[in-house]
Amino acid sequence: MRQKQMQASLASSKLRRFSSPSGKQSLEIQNSSRHLFADENSQQENPGELVLFGQLPMFADGDFILFQSKAVFRHLARKYDLYGKNHKEAALIDMANDGMEDLREKLLHLILHEWDTGRPKYVEDLPNQLRPFEHLLSQNASGFIAGSTVSFADYNLLDIIHNQLFLDPDCLSSFPHLKAFKGKMESRPKLKIYLQSDDHKNRPFLVTKKL
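Keep in mind that what you see is a predicted model, and the values were worked out from it rather than measured.

Looking at the overall build of the protein
Step number 1: Tallying secondary structure elements over the protein gives nine helices and three strands in all.
Step number 2: Across the protein, helices and strands are ordered from the amino to the carboxyl terminus as α-β-α-β-β-α-α-α-α-α-α-α.
Step number 3: Counting across all 211 residues of the protein, residues that qualify as buried make up 49%.
Step number 4: In the protein, 72% of the contacts between residues at least 6 apart in sequence involve partners at least 24 apart.

Re the pattern of salt bridges
Step number 1: Considering all chains together, one arrives at eight salt bridges under this definition.
Step number 2: With a shortest N-O distance of 3.7 Å, arginine 74 and aspartate 98 are connected by a salt bridge. With arginine 74 in helix H3 (residues 69-79) and aspartate 98 in helix H4 (residues 87-113), this pair connects stretches of sequence that are 24 residues apart.
Step number 3: Aspartate 98 sits in the partly exposed class, given a relative accessible area of 42%.
Step number 4: For glutamate 101, the salt bridge goes to arginine 104, with nearest N and O atoms at 3.3 Å. Placement of both glutamate 101 and arginine 104 in helix H4 is noted, with a separation of three residues, approximately one turn of the helix. Residues glutamate 101 and arginine 104 agree in their burial class; the two are buried.

Brief notes about helix H5 (residues 119-138)
Step number 1: Compared with an ideal rise of 1.5 Å per residue, which puts 20 residues at 28 Å, H5 spans 28 Å between its outermost C-alpha atoms and is within 8% of the ideal.
Step number 2: Helix geometry: H5 is bent most strongly at aspartate 125, by close to 45°, with proline proline 127 lying one to four residues after it.
Step number 3: Within H5 the residues assigned to the buried category are Tyr122, Leu126, Gln129, Leu130, Phe133, Glu134 and Leu137.
Step number 4: On its buried face, H5 sits against H4, helix H6 (152-167) and helix H7 (176-186).

Considering the side chain of asparagine 156
Step number 1: Residue position: asparagine 156 is located in helix H6.
Step number 2: By relative accessible area, which is 0% here, asparagine 156 ends up buried.
Step number 3: Within the local environment of asparagine 156, its side chain forms a polar contact with the side chain of asparagine 97, the two groups lying 2.7 Å apart.

Topic: the nonpolar core
Step number 1: If you look at the biggest cluster of nonpolar residues, it comprises 44 residues, and the most contacted ones within it are Met100, Leu130, Leu157, Leu178 and Met185.
Step number 2: Put simply, the parts of the chain that give this core at least two residues each are H3, H4, H5, H6, H7 and helix H8 (189-195).
Step number 3: Those residues in contact with leucine 157, other than ones at most four positions away along the chain, are Met100, Phe133, Leu137, Ile145, Leu178 and Phe181.

Here we look at unusual backbone geometry
Step number 1: Non-glycine residue glutamine 68 carries a positive phi angle of around 75°.
Step number 2: Within the secondary structure layout, glutamine 68 lies in the loop between strand E3 (64-67) and H3.
Step number 3: Notably, aspartate 81 is not glycine yet its phi reads approximately 60°, a positive angle.
Step number 4: Looking at where aspartate 81 falls in the secondary structure, it is placed in the loop between H3 and H4.

Considerations on the packing of aromatic side chains
Step number 1: Under the defined criterion, the tally for this structure stands at two aromatic pairs.
Step number 2: Summarising the aromatic geometry, the rings of phenylalanine 73 and phenylalanine 152 are spaced 5.3 Å apart at their centres and angled 85° between planes, so their arrangement reads as edge-to-face. Remark: phenylalanine 152 occurs in helix H6 and phenylalanine 73 occurs in helix H3; sequence separation between them is 79 residues.
Step number 3: Joined through ring pairs, the aromatic side chains of Phe73, Tyr83 and Phe152 make up one cluster.
Step number 4: Seen from the ring of phenylalanine 144, lysine 184 lies directly overhead, with NZ or CZ sitting 4.7 Å from the centre.

Some words on the pairing of E3
Step number 1: Taken together, the four bridges between strand E2 (residues 58-61) and E3 define a ladder with antiparallel strand orientation. Residue pairing in the sheet places phenylalanine 59 in a bridge with leucine 66 of E3.
Step number 2: Between E2 and E3, which pair antiparallel one after the other, the connecting turn spans two residues, and glycine 62 there sits at a positive phi close to 65°.

Cut-offs used in this document
Residues numbered from 1 in each chain as written. Predicted model: local features only at pLDDT ≥ 70, side-chain atom pairs only at ≥ 80, totals over all residues. Heavy atoms only, no water. Helix = DSSP H or I, 4+ residues; strand = E, 2+ residues; numbered from the N terminus. Buried < 20%, exposed > 50% of the residue type's maximum accessible area, 1.4 Å probe, protein only. Contact = heavy atoms within 4.5 Å. Salt bridge = Lys/Arg side-chain N within 4 Å of Asp/Glu carboxyl O. Expected span 1.5 Å × (residues − 1). Bend = angle between axes of the 7 residues up to and from the residue. Polar contact = N/O pair within 3.5 Å; in protein donor to acceptor, adjacent residues only side chain to side chain. Core = buried A, V, L, I, M, F, W, Y, C linked by side-chain atoms within 4.5 Å. Phe/Tyr/Trp six-rings, centres within 6.5 Å; stacked < 30°, edge-to-face > 60°. Lys NZ or Arg CZ within 6 Å of the ring centre and 35° of its normal. Pairing = 2+ DSSP bridges.

Here it is, written out as C-alpha cells:
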C-alpha cells in the first residue's frame, strides 16, 4: 500500500532541469534524485525569472516549488519516509550522506579543475574514500546504510558508486559489501528499469563534460 501511495504521489511531482548561468548542473539532483524517482517522468522547462538564488534545478511538487538540490533531496526523503525509522537512524543517514557529499566534492573538483592531471592520484586514493561506506554497510545486516529499509542516502551512495566506476571499473573489487549493495539497489524493479533506459545511459555527469 505504501509503495502504491508513493508511486501515485511521485507521478504528480516534477523535476525541472535547465542550464544554470555557469553552464553546470548538480550531480546530486541529476542522478541521486532520479534514482529515487526511478522510472517516473521528469520534464524540462525554462523557468525565466522564477529561479531563486540564481541556481538550478527547480523541483515542483504540485504547486510547491523548491530550489537547492540538497533541499529537494531531503524533501523527497521526508515525504516518502526515506529518512530512517527514528532519530538515531536519521542521524546515521545524515552522517553517511555528508560523507558521500565530501567525496562528490572531490570528484567535482577533479572534473572541473584537474581532469587532465589529477586522475591517477584520485584513483590511487579511491580505496581510502570508499572504505568508510564499506564499513557502514558491514555493520548493518539489512544491506542498507542504516536501518532495515532503503533511505535517501542509499540512492546517493549508488550514484557515488556509479561515478567512481566511470574512473576505475575495478574500484569495488576489494569491497564486497559495496559490491553487494550495488547489486541490491540495481535490482529494485522500478529503479532497474530506469537504469537500463536511454535517459539514464545518455545522461552526462555535467552539461560541460560527458565521461
